[in-house]
Amino acid sequence: MQDFLSSLVSVAFHGLAYGMILYVISVGLSVTMGLMGFANLAHGVFAMAGGYVMLTAINSQGAPFPLAVAGAFVAVALGSMVLERLLYARLYTAGELEQVLFTIGLIFMAVAVARLIYGALPQPVHLPEYMKGQLRFLGRDFPTYRVFLILFSIAIAALLWFGVERTRWGAMVRAAVDNRAMAQSVGVNTTRLFTLTFSLGSGLAALGGALGADIIAIQPTYPFEHLVYFLIVVAVGGLGTLRGPFVAALLIGVADTACKYWIPELGAFFIFAATIGILLWRPGGLYGRAAT
Amino acid sequence: MTHSGGYVADPRFRAIEWLPWLLALLCFFVAPSYLPLGSYVLTMIIFALSLDLVVGYAGIITLGHSAYFGAGAYIAGIFAARVSTEPLTGLAISTVGAGLLGLLTGVVILRTRGLALLMLTLAITSLCLEFANKATGWTGGADGLGGFAIQPILGLFKFDLFGKTAYLYCLVFLFASWWLVRRMVYSPFGASLTGIRENDVRMNAVGAPVYMRLVVSYTISAALAGLAGALLTQTTQYVGLKVLGFELSGELLVMLILGGIGRIYGAFVGPLVYLLAQDYLAKQFPEYWYFGIGMILVLVVMFVRGGILGIVDAGIAKWRGASA
Amino acid sequence: MNIGKAAVLAAAIASLAIAVNASAQTIKVGVITTYSGPGAAQGDQLDKGFKLYLKLNADKLPAGVKVEPVFRDDTGANPDAARRLAQELIVRDKVQFLTGVVWTPNAAAIAPLTAEAKVPFVIANAAGVTIPLASPYVARVSFTLWQASYPLGQWAAKKFKRAYTVVSDFAPGHEAEEGFIKGFKEGGGQIIGSARVPMTATDFIPYMQRVKDAKPDVLFAFNPAGKQATAQMKAYADLGMQKTGIKYVGPGDITTDEELQNMGDAALGVLTVHHYSAAATRPANKAFVAAYKKEYGEKLNPGFMAVGAWDAMDLIFQLIRDQKGKIEPDKTMELVKKYKTANSPRGQIVIDPETRDVMQNEYLREVRKVGGALANVEIETVGTLIKDPWKVFNKKK
C-alpha cells in the first residue's frame, strides 16, 4: 500500500511537470487557431527556436538562466511578429489546405536551418547549480528543476487567465474569437490584435520550449516529432479557450506518465485511444463550443 | 476553400489523357536504371489518387491516410510471411482489408468535421502505428517485417533486381485505379461528392445522403490506399513502421497539393515532381534537401494556389487571352 | 494544364536518361547513412568517419584506382526506403560495394538484396545479431550487442545481486537485454524487473522512477547512441539514483564519446563494456583522434560509429588492394574472411571466417574526468578477440 501511494505521488508529480510544459507550449496554438482560424502546424518551430535561443545564450554567451529564458521569449515573440506580418497574414483568408501546406513548408525549412546551424545532435542543457539536485518534502525526493517548472507554469497560466479575463486586450481577444466581423465593426483593430496575439502565443511556445529543453530535447526534428502532442492538447481541450488546453495538457501529461510507469508495454496507445474517445464524445473538445 | 477542380459533365477521354501512360511506358525503355524509383513513384501516385478522392473531391481533410496505406502494407507482409507469397491473392486481401478498416473507421469519424476530424484521422493512424509497433510477433515491431520472397506473378513474371516486373506490376494497377477513380468522379456520385465538398448543408437540404456518400468514398479511398501499400510491400519485400507514420500522410498531402487537388492528374504530377526533386536534391545536398522542399511549398502557397497544374491553367488562360 | 504536364514529364525523362558511366578504374562505393530525421546524429558519425578515411588514405590505393563514394540518406530506421536506395545504388549507380547503415532494420532489409545482386556489403554500424546470416555477401566490422552485454552481465554478477534492465524496444535493445540477463543469471544474479522503452521516447523519468522505486543494486541500460542515452542519463541524475546506491551500467552505446560531454557530471562513475573509447591510449587511436579533431574541431570526439565507418572503409580499401582494383564479388568475400588488422583505433580486429562478423577486444570502462572533460577510461580488458556470443550459443547443429 505504501508502495502504491508512493508510486501514485511519483506519477502525479512527473505527469504534472510534463503536462505543464505541454500546456505552455500549446496554449498559444489554441488561441491562434481559435482566434484566427489558422491551422498553424509550424507552432513547434517557435518552441524549438526558443530552446535554441536559450541554450545558445547559456552555452556560448554564458548568460544567466533567467535572462536566457526571457531572451528566448522576447526574441521569438519579435521574430514571429515579423513572420506573421510578412507571411502568415496573407493566408488568413486561404483554405485550411493551403495553410497546412504552408506551415509544413515552414517546418521543413526550419528543420534544415536548425541542422545547418546547430548540427544534428541535441543541444546540451546546463542548468544553474540552484536548479539541480532534489528537494525533499513529504518524505520523498523531488527533482528541483521539475518543481520549479510546475510552479512557474502555474504562474504563467494564472497570468494568462488574468490577461484574458480581466484586461482590455483580453476582452478584445474574446470578442474577436466570438465574432470577428462584429468585433471589427465596433472598432477593434483586428489586424493589430492578431499580430500581438500571434506573437504572444509564439513567445509562450518559445518559453515552453526553453523551459522544457531538459525534458523534450532540443534538436532539429523537434517540430515534427512533437507536433502530434501539441495538436492533441489543442483539439482535446477545445479551440480558443484557456481552460481547455490546461485540462487537456494535464490529462495527457498524467495519463502518459502513468502508462509509462505502470504499463510501459502499452506505449502511447492509451493517449491516442483516449483522444479518439474524447473527440467522438465531444468533437469540439472538452471546453470548445459545440462543433459546427 | 479555393478548389478549381470538380465534376465535369463530359466524361469522354481527351487525347492528352493518354499521354501519362505513353510516358510511363517510354520510361520503361529509356531509363531502365530508374525503375526502382519509378515503381515507388507509381505506388505513391496510386496513394495520392486515393487521397485526392477524399480530400479533393469529398473535402475530407485528413492527416491519417497512412493508416490505410500501412494497413495494406502490413496485411500484404503478414500474408506473405505466414500464408502464401502469391502476389495477386495478397494484393486482393490487403485491398479488402484496408477497405474494411476504412469502412469501420469512416463510419465512426465521418460524423465529425473540421479540426476534430483532422485530429481523429491523425489519432487513428498513430494508434495503428502503436499497434504495429507493439504487436511484434506479427509485425516485427520497430525492426520491420521481411524475409519473404514474393512468388512470380501468375507464376510467370519474377520480381527481378532491376525492378522491371515491379514497375509494370505497379503500372497495371495504377491504370486500373485511375480508371476506377476517373469513372467515379465523372459519375453522378462524383458530382454529389463535389457538392458535399462545396456545401454539405445544402446537399443535405436537397436530400442527398451526405453521410453515406462520405462513408462510401472514404471506404473506396482506403481500399485504394491499401492497394498502394500492398504494392510497396510486394515490390520492396519489406515493411517498416514508417508506412503508418503521420509524416507519410503529411508528405503525401504535400505532394497532392503541390500537383493540384481535386483534378485527378494533380495526383500524377505532384508525387512525380516531389519525388524526383527529392531524389535530385537528396543527392546533391543530402543534408539539406528539406530546405529546398520547404521553400518550394511556401512559394507554391504564396504565389500559385492550386499547385503546379494551377500554374499551367493560369499560363494557358493568359496565353489564350493574349492571342485572342 | 496538359502542355505543362507534358513538359514536366519530358523534363523528368530527360533527366532520367542521363546515364552514369563509370570508368574502369573508378570503384564506386555506395554509402547509406542517415542525414535527416531523428537519427541524423548517428548518421553524421558514420559520414565523418568515412570522409576522414577517404581524405587521409586516397594514396593507399593501387596506381590509377580511385574510390568514388556515393552517399545516400535513408532518413532513419526506414527499411523499405533503405532497400530501395540500395537497389538504386546497385542498378543505377553500379556500385561495387555497399557500406554504411546505422540501423539494424535497414541492414536487415538490404542484406537479402546483396545475395541476389552479388554486391559485397560491409556493415559499418547496424548491430542486429542475425544480419550476416541473411546473405553470404554481408560482412560486419562494427559489433553485436551480445559482444558487450554478455561479458558485462558476467562481470556485474560478481559485484551485484539484483538488477533491473531498461532497454530500447527494437532488436538491438532486446539483444542487449538478453545478453546481459544470460550473463548475469549465469553468475548467480537476480533480475527484478525489465522495461522496454519505445524508440521515440524523449522523457525517461517515468521509467526510471519505476526503477528507483524497485530498489535494484544495478541498472542495465541500452539506447541507440545519441539523445536517448543522454535523456536516460539525465533522468538517472535528476532522480538522485546514484545517491540511493543504484549503479548504472550498459554497453558503450550509453556513453558514446561524441555525446558524453552533453551528459554532464551525471555520467561520472558509469560503467560500460565496449570495444572503443576515444580516450584509449593505443597509438593508432591517438593518431585517429588527433586527425578527427583536426578535421572536425577540437571539441568533437569521434564515437564508436565513426570508428566503425573508418574500419569499414579500411576493409574495403584492403579488398581493392588485394584485387588490384578488379573487384570480383566471390573472391572479395573470400578475402573478407581473411581480413585482420592490428591498426584499428579500437586495437586488433579480425573478421570471423565462419560468420563474417567482427571479432574484437572488449574493455570495461568507467566515466571519469580527464583534463576537465569526461572520458570513457578503459580499466580492464574483459575479453580478447571475442566472437559474437550469440552465434556461439546458437550454432547451427
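For clarity, every value in this text was computed on a predicted model and none was experimentally measured.

1. Concerning the environment of Glu334(C)
Moving on, step 1. As for its placement among the helices and strands, Glu334(C) is situated in helix 12 (residues 329–336).
Moving on, step 2. Exposure remark for Glu334(C): the 12 C-beta atoms within 10 Å place this residue in the exposed category.

2. Description of helix 11 (residues 304–322) of chain C
All names here are of chain C.
Moving on, step 1. For helix 11, spanning 19 residues, the distance from its first C-alpha to its last is 27 Å, which sits close to the expected 27 Å at 1.5 Å a residue.
Moving on, step 2. Judged by how many residues are buried, helix 11 sits mostly within the fold: 16 of 19 residues are covered.
Moving on, step 3. Of the residues flanking the end of helix 11, it is lysine 324, one or two places downstream, whose phi is positive at about 55°.

3. A short note on the nonpolar core
Moving on, step 1. Membership of the largest hydrophobic core comes to 347 residues, with the highest contact counts inside it found for Ile21(A), Ile46(B) and Met119(B).
Moving on, step 2. Two domains each donate at least three residues to this core, and these are domain 1 (20–143 + 286–356) and domain 2 (145–274 + 361–393) of chain C.
Moving on, step 3. Counting residues in each nonpolar core, the second largest holds 5 residues, with Leu121(A), Tyr35(C), Ala40(C) and Ala41(C) among its members.

4. Comments concerning the interface of chain C and chain B
Moving on, step 1. The interface of chain C with chain B comprises 38 residues on the first partner and 43 residues on the second.
Moving on, step 2. Mapped onto the side of chain C that touches chain B, the elements with two or more residues apiece are helix 1 (2–17), strand 2 (66–73), helix 3 (79–91) and helix 4 (104–117) of chain C.
Moving on, step 3. Split into classes, the residues belonging to the side of chain C that touches chain B amount to 23 nonpolar, 6 polar and 9 charged.

5. What to know about the sheet that holds strand 3 (residues 97–100) of chain C
All names here are of chain C.
Moving on, step 1. Strand order in the open sheet formed by 5 strands is 2-1-3-4-5, and the pairing between neighbours is parallel. Edge strands, defined here as strands with exactly one partner in the open sheet, are strand 2 and strand 5 (138–140). On average, adjacent strands in this sheet sit at an angle of 25° to one another, irrespective of strand direction.
Moving on, step 2. Summarising the sheet, strand 3 and strand 4 (residues 121–123) pair through 3 bridges and their orientation is parallel. Bridging from a neighbouring strand, glycine 100 pairs with isoleucine 123 of strand 4.
Moving on, step 3. Here helix 3 sits on the sheet and contacts strand 1 (26–33), strand 2 and strand 3; the angle it forms with strand 1, its principal contact strand, is near 175°.

6. Section: unusual backbone geometry
Moving on, step 1. The residue Ile264(B) is not glycine, and still its phi comes out positive at about 60°.
Moving on, step 2. Counting through the fold element by element, Ile264(B) comes out in the loop between helix 11 (246–259) and helix 12 (266–284).
Moving on, step 3. Despite not being glycine, Lys324(C) has its phi angle at roughly 55°, a positive value.
Moving on, step 4. Tracing the backbone through its elements, the reader meets Lys324(C) in the loop between helix 11 and helix 12.

7. Considerations on the interface of chain C and chain A
Moving on, step 1. Taken together, the 26 residues of chain C in the interface contact 27 residues of chain A.
Moving on, step 2. By residue number, the principal contributor to the side of chain C that touches chain A is helix 7 (residues 205–214) of chain C, which donates 6 residues.
Moving on, step 3. For the side of chain C that touches chain A, a count of residues per class yields 11 nonpolar, 7 polar and 8 charged.

8. Points about the domain arrangement of chain C
All names here are of chain C.
Moving on, step 1. Assigned domains of chain C: these are domain 1 (20–143 + 286–356) and domain 2 (145–274 + 361–393).
Moving on, step 2. A C-alpha centroid distance of 27 Å is found between domain 1 and domain 2.
Moving on, step 3. Looking at the side of domain 1 that touches domain 2, the elements with two or more residues in it are helix 2 (40–57), helix 11 and strand 12 (347–351).
Moving on, step 4. In the side of domain 1 that touches domain 2, the residues fall into 9 nonpolar, 9 polar and 1 charged.

The rules behind the values
Residues numbered from 1 in each chain as written. Chains lettered and ligands numbered in written order. Predicted model: local features only at pLDDT ≥ 70, side-chain atom pairs only at ≥ 80, totals over all residues. Helix = DSSP H or I, 4+ residues; strand = E, 2+ residues; numbered from the N terminus. Buried ≥ 20, exposed ≤ 12 C-beta atoms within 10 Å, placed from the backbone. Expected span 1.5 Å × (residues − 1). Core = buried A, V, L, I, M, F, W, Y, C linked by C-beta atoms within 7 Å. Domains from an automatic or database assignment. Contact = placed C-beta atoms within 7 Å. Nonpolar A, V, L, I, M, F, W, Y, C, P; charged D, E, K, R; others polar. Pairing = 2+ DSSP bridges. Axes fitted to C-alpha atoms, helices over the stretch in contact; angles between N-to-C directions.

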